[in-house]
Amino acid sequence: MLVTRYLANDLFAGKTVFVTGGSSGINLGVAKNFAALGASVGICGRTQEKLDSAATELRALGATVCAVVADVRDFGALEVAFAKSRAELGPVDVLVCGAAGNFLVPAEKLSPNGFKTVIDIDLLGAFNASRAAFEQLKETHGAIIYISAGMAYMPYAFQVHVGAAKAGIDMLMRNLALEWGRYGIRTNSIVPGPIEGTEGMKRLWSPERQEEFIDAIPLRRMGTVDDIGQSAVFLASPLASYISGCVLVCDGGQNLSGSALFNIGAEQMLRAHEG
Ligand code: HXC
């Protein structure tokens, strides 16, 4: 459900929101929630076709859109993207650093280049985008939102590269909150839980076991891209004007489960004793 149901649909009128990796998944969902509230939207990604399709969806919501091919690992490409976005949409008010890469792999089978690739996309990419957008954000007293993950604070099997990258992102976020607060720039992270229909879920969990997974989430449902979009809108809005350096966990309580399968097993044993 897009946020227009709950908030004035001109909340971000006259504002520019730039989303890295904004052509699909959670990031496109975030971009759409801002578009629905009147924002102009810049997006970057690696694939022209995906960007074109995302731009069409965003324009259908009324947004003026600037879609640029840029890999977040390439600082020069990001500088070009932010210059183009500025020329077409005005300076960035809200930067969402969402570009990420992921695959399941046991640590002993992960090559140094595989580890580096995810660190480069997630962590270096988040720094590159923040750095490239800094002057514009300084001008607008803007906000940065990083898309983190539960792997940042709890180890998940076969995710050593992602855990390191996302933990780094949360610390980058805190450092920038400290250093850039003086310019009126706020920085925060969102930790999405399992979000249905996303590339991340496809890579991390088999659909046949979805019910088992949902049983381990206290709210007993998968998240939606709009759940994350709404969190991003809140953090970027005047409602959060004194919030900086914060990690907002939006996961239906999933992180509370700890070892999810242990909890499912324990619940089954308790039921057996009761029954
Ligand atoms: C082991 C792998 C691998 C795999 C790639 N590598 N895939 N190693 N298992 N499945 C290794 C390669 O062997 C290579 O190392 C190195 O990683 C770089 O691989 P490339 O394919 O050349 O990289 P590149 O083309 O840049 O692609 C990046 C990518 C790819 C991350 C590997 O999967 C990608 O583009 N992903 C983007 C989309 C995505 O992942 N979205 C999901 C994000 S979800 P060697 O040593 O052979 O050179 C997410 C959410 C987390 O982040 C939390 C959810 C709850």
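Labelled according to an unreviewed UniProt entry, the protein appears under the name NAD(P)-dependent dehydrogenase, short-chain alcohol dehydrogenase family, originating from Caballeronia arationis. UniProt lists a comment for the protein under the heading Sequence similarities (unreviewed entry), and it reads "Belongs to the short-chain dehydrogenases/reductases (SDR) family."

Hey, could you run me through the pairing of strand β6 (residues 186-192) in this one?
Across a regular strand the side chains alternate sides, sitting on one face of the sheet and then on the other. Across the seven residues that make up β6, a large majority, seven, are buried. Burial along β6 is two-sided: the face carrying Arg186, Asn188, Ile190 and Pro192 and the face carrying Thr187, Ser189 and Val191 are both buried. Two strands pair when backbone bridges link them, and strand β5 (residues 143-147) and β6 are joined in this way by five bridges, in the parallel orientation. For isoleucine 145, the partnering residue across the bridge sits in β6 and is asparagine 188. Between β5 and its parallel partner β6, the chain crosses via helix α5 (residues 160-180), and the hand of that crossover is right-handed. Pairing of β6 with strand β7 (residues 246-250), which is carried by five bridges, proceeds in the parallel orientation. Within β7, the residue paired with isoleucine 190 across the bridge is leucine 248.

I'm lost on the site of the ligand in this one. Help?
Residues in contact with the ligand amount to 18 residues; listed here are only the nearest, Arg46, Arg73, Asn102, Ser111 and Asn113. Contact distances for the ligand include 2.5 Å between an oxygen atom and a side-chain N or O atom of serine 111. Interatomic distance of 2.9 Å between a side-chain N/O atom of asparagine 113 and an oxygen atom of the ligand. Within the residue set of the shell around the ligand, elements represented by two or more residues are α4 (112-140) and α6 (199-204).

Explain the packing of aromatic side chains to me, please; I cannot follow it from the model alone.
For the structure shown, the criterion picks out four aromatic pairs. Judged by centre distance (5.0 Å) and plane angle (85°), the ring pair of phenylalanine 12 and phenylalanine 34 falls under edge-to-face. Linking phenylalanine 12 in the segment before β1 (16-20) with phenylalanine 34 in helix α1 (residues 25-36), this pair joins segments that are 22 residues apart in sequence. The class for phenylalanine 12 is buried, based on a relative accessible area of 3%.

Just to check I follow, could you spell out the sheet that holds β7 for this structure?
Working definition: the strands of a sheet are paired by backbone hydrogen bonds and lie parallel or antiparallel to each other. Across the sheet, which stays open at both edges, the seven strands sit in the order β3-β2-β1-β4-β5-β6-β7 with parallel pairing between neighbours. On the outer flanks of this sheet lie β3 (65-69) and β7, each paired with one strand and no other. The mean inter-strand angle of the sheet, taken between neighbouring strand axes irrespective of direction, is 15°. Of the pairings in the sheet, the one linking strand β4 (residues 94-97) to β5 comprises four bridges and is parallel in character. Looking across to β5, one finds that valine 94 is bridged to alanine 143. The strands that α1 touches are β1, β2 (40-45), β4, β5 and β6; relative to β1, the one it contacts most, it runs at about 175°.

How should I be thinking about the packing of helix α3 (residues 75-89) against α4 in this particular structure?
When two helices pack together, their arrangement is given by the angle between the helix axes and the distance between those axes. In the contact formed by α3 and α4, the axes pass within 9 Å of each other and the chain directions differ by 30°. In this structure, α3 crosses over α4, and the sense of that crossing is right-handed. Residue-level inspection shows Phe75, Leu78, Glu79, Phe82, Ala83 and Arg86 of α3 in contact with α4, the latter providing Gly125, Asn128, Ala129, Arg131, Ala132, Ala133, Gln136 and Glu139. Among the residues making up the contact of α3 with α4, the classes are represented as seven nonpolar, three polar and four charged.

For this particular structure, what's the right way to read the pattern of salt bridges?
Pairing is possible between side chains that carry opposite charge, provided their charged atoms lie close to one another. Counted under the stated rule, the structure contains nine salt bridges. Notably, a salt bridge pairs lysine 32 with glutamate 57, separated by 2.7 Å at the nearest N-O pair. With lysine 32 in helix α1 and glutamate 57 in helix α2 (residues 48-60), this pair connects stretches of sequence that are 25 residues apart. Looking at glutamate 57, the relative accessible area reads 32%, which means it is partly exposed. Among the salt bridges present, the one from glutamate 139 reaches arginine 86, with a minimum N-O distance of 2.9 Å. Placement of glutamate 139 in helix α4 and of arginine 86 in helix α3 is noted, with a sequence separation of 53 residues between them. Here arginine 86 falls in the partly exposed class, since its relative accessible area comes to 34%. Salt bridges linked by common partners bring Glu199, Lys202 and Arg203 together as one network.

Would you explain unusual backbone geometry in this entry?
Glycine aside, a negative phi is what most residues show, and trans is what most peptide bonds show. A positive phi angle, near 65°, is found at phenylalanine 158, a position not held by glycine. Mapped onto the secondary structure, phenylalanine 158 falls in the loop between β5 and α5.

The rules behind each value
- Residues numbered from 1 in each chain as written.
- Predicted model: local features only at pLDDT ≥ 70, side-chain atom pairs only at ≥ 80, totals over all residues.
- Heavy atoms only, no water.
- UniProt positions renumbered as here; feature names shortened; annotations may be inferred.
- Buried < 20%, exposed > 50% of the residue type's maximum accessible area, 1.4 Å probe, protein only.
- Helix = DSSP H or I, 4+ residues; strand = E, 2+ residues; numbered from the N terminus.
- Pairing = 2+ DSSP bridges.
- Right-handed = clockwise from strand over helix to strand, strands pointing away.
- Near = heavy atom within 4 Å.
- Polar contact = N/O pair within 3.5 Å; in protein donor to acceptor, adjacent residues only side chain to side chain.
- Phe/Tyr/Trp six-rings, centres within 6.5 Å; stacked < 30°, edge-to-face > 60°.
- Axes fitted to C-alpha atoms, helices over the stretch in contact; angles between N-to-C directions.
- Contact = heavy atoms within 4.5 Å.
- Left-handed = near helix turned anticlockwise from the far one by under 90°.
- Nonpolar A, V, L, I, M, F, W, Y, C, P; charged D, E, K, R; others polar.
- Salt bridge = Lys/Arg side-chain N within 4 Å of Asp/Glu carboxyl O.

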